[in-house]
Amino acid sequence: MKALRYKPRRATALLALFGFVLGALVIGGASAASATPGTLSAAAVSPADAPQSIDIWIRQQADRSNVAGIGATVTGPGGFSQTVTTGDDGHALVGIANPGSYTVEVDVATIPAAQGALKGVNPRVVAVSADNKAVPAYFILSNVAATPTPGDTNSPGQSSNSDGGPTLAEIILPRVATGLIFGLLLALAAIGVSLIYGTTGLNNFAHGELVTFGGLVGYMVSGVAHLPGWVGIIAALLAGGAFGYVQDLGLWKPLRKRGVALIPLMIVSIGLSLALRYLYQFIFGPGLLVTPNDSSAFLKLGPVSLRSTDVSSPIICILVLLLVAFLLVRTRIGKATRAVADNRSLAAASGINVEQVIRIVWVAGGALAGLAGALIGYYQPVNWETGASILLLIFAAVTLGGLGTTFGALIGSLVIGLLVDLSTIFIPSNMKFVAALLVMIIILIFRPQGILGRKSRIG
Amino acid sequence: MDFNFITLALSQILEPQTIGYALAALGLAVHFGFTGLLNFGQAGFMAVGGYSFAITTTQFGWPLWAALAACVVGSIIFALILGIPTLRLRADYLSIVTIAAAEIVRYTVKTPDISPITGGSDGINGSSDTFNALNPLPDIQYHLGIGTYNKEQLWIRIVGWVVVIVAALVIRQLMRSPWGRIVKGIREDEDAVRSLGKNVTWYKMQSLILGGVLGGLATVIVIIPTSLQPDNYGTQTTFFLYTIILLGGATTVLGPIVGSIIFWVVLSLSDGILSLLVSNHLIPITSIQQGPIRFIIVGIALMLLVIFRPQGIFGNKREAHFSA
């Protein structure tokens, strides 16, 4: 009977959760949809009445403008080969008679120098299934050479340095700067993961989506609505907190009441992560979303040149982290949170409202993750999987510091941030996450409780 | 309107992808369903097995049996590397380490520096020659109602399903043996089994190896008719496998196999219906927006399954409480 009573409420709660996400993102959806090719058939070369087609789309990353006059060749099974040129809308539609795997290669020689260079894979392999029309083949042009992976803060450092090769300080110091900034951003997200784990025992695999949510809100407010950056950051903070609250109310609280064990809860968070991530992609498309930023140097410290956001966002991070630390150590609710994290039953027995503490932890975790997402938007373009791609680094930071210890999460984040950026001195930059993940595994072998954890926690 | 997407969906039953996922899901059921190991890195086992097979076949020209042995040995080594540090720890540590290790494998094989061996982001083509050389089927077109196959396509489908059935029978017998009772005992109460004098860590390791080898072999079935693509072995592959075993029943042998068939047929059906609706302008989304929908469906299905029917289609509710 008990299970039956919760059923309708849970289903509606779940619906409400997705309704919230949809509602919160619908503005961005409208704007993103107007940018996606609703009208491509009009201007593009008509692919006759072919049952399938490939939509080649070439854009400039910086201002998201479409690039016309770029040549591309599509080759495929049965000797299929066709060369097209993009129209004014940056699209070229190629009719495909037979489903199969096709290769789209952009003719690099046709790219004007002003548009920079092609970024990402070229040629690109596109799978065309039966009746799939306008299968997308995106190509991004960019003047910035770096690939957009998280932690690739494409600017501090690399100041113009005309005399000979870089010195050791010129190699290390910019990386220390980016590493620390990235570590602070990770810390914002990691503290939420750590608090949620500490109070509820849940490893929240959907935490990355809270980060992405913040990044998308920041992009919508600053990039689409053209409001000042601080408005976007505050909006992301508030929206992230609201999302955390709605998630707890609509999903996690009913599941806790139902007595669902921790492993199923973890799998629920994976399902939620998958659904949310692709909901973002559904609304915003697979492209990169650039939050406007002033890229001129604001401060120069030796070989490290910093933009104004490189200075302001660590300051924001440090202030927020100090505030969190103060709340945790000095205030009543902070002490209650630590008591719940330490021993839930004992805390409940001594009169602490555990449910209220958990609710506050979800709101705070969501708000911090949202803030982290919005700030990440100033270092790299956000997209639908920004948060998911750093989730494992967040876990690594939390594990390194000690699962469930808040200050451990901070230290772990800084170590991981530094490690990710400094490791690129020795290993190829696309493997920089590997170093951080390896360190996490090694820590688990020798000190599974982490740097600040206590042995009893590993059970 | 064109309704041939229904045949297309039904033909998923014979697709090597379905067969491979059934085998990998069976391996994951050994880990998660039978032993209670929270392995979130099954995609890593699949990648390691697949690369071991593809590299030894295409680069070193090893015969089929030797490349298969390499696949098995690769999976075993990966299981040992993962298991030794983590099997003594609590379940959620294993989950984080396995998911991290799987991503390490994927990042590593994609590194341009070793792409002469691993093919980088493009993966490896052409590991099917030694397998197709053993094909005894006459060279004609085979019409099977749900699709027409040439002799190579039919050969991998037959061998694939035979492998899955043999593996399922072996696992069924194993789980009825004393060994199976011990690993199920570990799932229910590790300390109780330990107090009976059993070496729990070693049994968990055997289970990790067994399921991992099945995952490695699964990739061989998937890549023979197509190619090995590193990004097919990201975290979402593992999550697909969890959806599959929870759909069919994680604590059963039949569950992962039927789960895989249902999973891919339903995904293909939903793709077909969506394409139909989109191309006839019946729903207001673009064909680009159509792509993410299948993943949203999988994510929501995974949540609902775990919450409302954790035992899946064939499972027994008493066995499926998965307490940590």
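Residues numbered from 1 in each chain as written. Chains lettered and ligands numbered in written order. Predicted model: local features only at pLDDT ≥ 70, side-chain atom pairs only at ≥ 80, totals over all residues. Heavy atoms only, no water.

### Some thoughts on the overall build of chain B
Of the regular secondary structure elements, chain B holds 14 helices and two strands. Relative to its full complement of 324 residues, chain B shows a buried share of 59%. Once local pairs closer than 6 in sequence are excluded, the contacts in chain B between residues at least 24 apart make up 74%. With the model as given, the accessible surface of chain B reaches about 12,600 Å², and the carbon-plus-sulfur share is 65%. (Helix = DSSP H or I, 4+ residues; strand = E, 2+ residues; numbered from the N terminus. Buried < 20%, exposed > 50% of the residue type's maximum accessible area, 1.4 Å probe, protein only. Contact = heavy atoms within 4.5 Å. Areas by Shrake-Rupley, 256 points an atom, 1.4 Å probe, with all protein chains shown as cover.)

### Overview of the interface of chain B and chain A
Facing the 53 residues of chain B at the interface are 51 residues of chain A. The junction of chain B with chain A conceals about 4,900 Å² of combined surface from both sides, 77% of it contributed by carbon and sulfur atoms. In this structure, the connection of chain B to chain A is made through zero salt bridges. The tally of links from chain B across to chain A stands at two residue pairs in polar contact (both at pLDDT 80 or more). Those elements that provide at least two residues to the side of chain B that touches chain A are helix H5 (91–110), helix H12 (235–248), helix H13 (254–279) and helix H14 (287–308) of chain B. The element contributing the most residues to the side of chain B that touches chain A is H14 of chain B, with 16 residues. (Buried area = accessible area lost by both parts, 1.4 Å probe. Salt bridge = Lys/Arg side-chain N within 4 Å of Asp/Glu carboxyl O. Polar contact = N/O pair within 3.5 Å; in protein donor to acceptor, adjacent residues only side chain to side chain.)

### Describing the packing of helix H6 (residues 262–284) of chain A against H14 of chain B
Between H6 of chain A and H14 of chain B, whose axes approach to 8 Å, the crossing angle comes to 160°. In terms of their interaxial angle, H6 of chain A and H14 of chain B are classed as roughly antiparallel. The handedness of the crossing between H6 of chain A and H14 of chain B comes out as left-handed. Residues Pro264, Ile267, Val268, Ile270, Gly271, Leu272, Leu274, Ala275, Tyr278, Leu279, Gln281 and Phe282 of chain A of H6 of chain A form the contact with H14 of chain B, whose own contacting residues are Gln289, Pro292, Ile293, Phe295, Ile296, Val298, Gly299, Ile300, Leu302, Met303, Val306 and Ile307 of chain B. Broken down by class, the residue content of the contact of H6 of chain A with H14 of chain B amounts to 20 nonpolar, four polar and no charged. (Axes fitted to C-alpha atoms, helices over the stretch in contact; angles between N-to-C directions. Parallel < 35°, antiparallel > 145°, perpendicular 65-115°, else oblique. Left-handed = near helix turned anticlockwise from the far one by under 90°. Nonpolar A, V, L, I, M, F, W, Y, C, P; charged D, E, K, R; others polar.)

### Concerning helix H3 (residues 42–58) of chain B
Between the first and last C-alpha of H3 of chain B there are 24 Å, a value that for 17 residues agrees with the 24 Å anticipated at 1.5 Å per step. In terms of burial, H3 of chain B is largely enclosed, as 16 of its 17 residues are buried. (Expected span 1.5 Å × (residues − 1).)

### Some words on the packing of helix H2 (residues 16–35) of chain B against H13 of chain B
Residue and element names in this part refer to chain B. Running from N to C, H2 and H13 point in directions that differ by 140°, and their axes come no closer than 8 Å. The orientation of H2 with respect to H13, classified from their angle, is oblique. Pair H2 / H13 crosses with right-handed handedness. Residues Gln17, Thr18, Tyr21, Ala22, Ala25, Leu26 and Ala29 of H2 form the contact with H13, whose participating residues are Pro256, Ile257, Ser260, Ile261 and Trp264. When grouped by side-chain class, the residues that make up the contact of H2 with H13 number nine nonpolar, three polar and no charged.

### Examining helix H8 (residues 151–176) of chain B
All names here are of chain B. Relative to the 38 Å expected for 26 residues at 1.5 Å per residue, H8 spans 38 Å between its end C-alpha atoms, a close match to the ideal helical length. For H8, the set of buried residues is Lys151, Leu154, Trp155, Ile156, Arg157, Gly160, Trp161, Val164, Ala167, Ala168, Ile171 and Met175. Two to three positions downstream of the cap, the backbone nitrogen of Glu152 sits 3.1 Å from a side-chain oxygen, assigning the N-cap of H8 to Asn150.

### Focus on the nonpolar core
Residues Leu188, Trp252, Ile267 and Ile416 of chain A together with Phe32, Phe40 and Tyr242 of chain B are the most contacted members of the largest nonpolar core, which totals 199 residues. Per-element accounting of this core gives the leading share, 15 residues, to H6 of chain A. The contacts of Tyr242 of chain B, once residues within four sequence positions are left out, are Ile267 of chain A together with Leu28, Phe32, Leu37, Leu38, Asn39, Phe40 and Leu302 of chain B. Listed in part, the 21 residues of the second largest apolar core include Val67, Ile96, Val104 and Ala137 of chain A. (Core = buried A, V, L, I, M, F, W, Y, C linked by side-chain atoms within 4.5 Å.)

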